[in-house]
Amino acid sequence: IRDLVKQAEDRRRASPGVQYTGALLQHLIGAKLDCVLGAGSIKHNGFSTADAPTGRAGDFLIADIAIHVTTTPSEALLAKCGDNLNEGLRPIIVTLARGVPVAEGLAENVGLGERIDIFEIEQFVAANLYELGRFATDGHRAATATLIDRYNALVEEFETDPSLAIEITNRAK
């Protein structure tokens, strides 16, 4: 996961204005949720689909949980988390490692520090891969392959840029 994020950030630096990292994060989380809950259990959107015009509570809504996926936590995101809480939802923020302390600080500043869960993406995804693979090497490889396959299916369905797909060159058979 760390390597995928690094590759996306390298591509973003090489092509300013293209949000490779944000798209990667959103669809990785979507793929992870599909692997855990089953494909078709949650609604997916294209990366550039904004929450406000569509009336979405977050990037993903599962029961009473609104999951927000972001590379850069902001005051606007924390305001949306406050709205989630007022609507009886439990907000979760999933972000990059450098975004975790930012989100935590912003949450504290608006008095929501104890009411929002904030996760770093690598840990959020990797923990499930270990669990889905039953902590066995072959199981972990299979879970990772399933995650990547699902991610690529989401990119194919919801994005116009096929270069967002992940190619595994040394996939074990």
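Look a little higher up for the structure.
What counts, and at which threshold
- Residues numbered from 1 in each chain as written.
- Predicted model: local features only at pLDDT ≥ 70, side-chain atom pairs only at ≥ 80, totals over all residues.
- Heavy atoms only, no water.
- Helix = DSSP H or I, 4+ residues; strand = E, 2+ residues; numbered from the N terminus.
- Expected span 1.5 Å × (residues − 1).
- Salt bridge = Lys/Arg side-chain N within 4 Å of Asp/Glu carboxyl O.
- Buried < 20%, exposed > 50% of the residue type's maximum accessible area, 1.4 Å probe, protein only.
- Patch = residues over 30% accessible without salt bridge, like charges linked within 9 Å, V, L, I, M, F, W, Y side chains within 5 Å.
- Areas by Shrake-Rupley, 256 points an atom, 1.4 Å probe, with all protein chains shown as cover.
- Axes fitted to C-alpha atoms, helices over the stretch in contact; angles between N-to-C directions.
- Parallel < 35°, antiparallel > 145°, perpendicular 65-115°, else oblique.
- Contact = heavy atoms within 4.5 Å.
- Pairing = 2+ DSSP bridges.
- Right-handed = clockwise from strand over helix to strand, strands pointing away.

Some thoughts on helix α4 (residues 75-86)
Okay, so step 1: The terminal C-alpha atoms of α4 lie 16 Å apart, and with twelve residues this matches the ideal 16 Å at 1.5 Å per residue to within 8%.
Okay, so step 2: Two residues or fewer past α4, Gly88 is found with a positive phi of approximately 80°.

Considering the pattern of salt bridges
Okay, so step 1: With the rule as written, the count across this model stands at eight salt bridges.
Okay, so step 2: One salt bridge in this structure joins Asp34 and Arg150, with 2.6 Å as the shortest N-O distance. On the criterion of sequence distance, the pair formed by Asp34 in helix α2 (residues 20-37) and Arg150 in helix α7 (residues 137-158) is long-range, its members being 116 residues apart.
Okay, so step 3: In this structure Asp34 comes out as buried when scored by relative accessible area, which is 4%.

Points about a nonpolar patch on the surface
Okay, so step 1: A contiguous nonpolar patch, built from Val36, Leu37 and Leu132 and spanning about 240 Å² of accessible area, is present on the exposed surface.
Okay, so step 2: Positionally, Val36 belongs in helix α2.
Okay, so step 3: Its relative accessible area of 41% is what places Val36 among the partly exposed residues.

Thoughts on the packing of helix α1 (residues 2-14) against α2
Okay, so step 1: Where α1 meets α2, the axes come as close as 7 Å, and the angle between the chain directions of the two elements is 150°. What the angle tells us is that α1 and α2 run roughly antiparallel. Mapping the contact onto sequence places Leu4, Val5, Ala8, Glu9, Arg11 and Arg12 in α1 and Tyr20, Thr21, Leu24, Leu25 and Leu28 in α2.

Notes on the side chain of Asn84
Okay, so step 1: Locating Asn84 in the fold gives a position in helix α4.
Okay, so step 2: You can call Asn84 buried: its relative accessible area is 2%.
Okay, so step 3: Once residues lying within four places of it in the same chain are set aside, the contact partners of Asn84 are Ala57, Ala66, His68, Leu89 and Pro91.

Considerations on the pairing of strand β4 (residues 117-120)
In the case of a regular strand, side chains alternate between the two sheet surfaces.
Okay, so step 1: Burial of the side chains of β4 is restricted to one face: Ile118 and Glu120 are buried, whereas none of Asp117 and Phe119 on the reverse face is.
Okay, so step 2: Judged from the four bridges that link them, strand β3 (residues 90-95) and β4 form a sheet pairing that is parallel. Following the sheet pairing, Ile93 is matched in β4 by Ile118.
Okay, so step 3: Handedness of the crossover is the feature at issue here: the chain leaves β3, passes through helix α5 (residues 99-109), returns alongside β4, and the resulting connection is right-handed.

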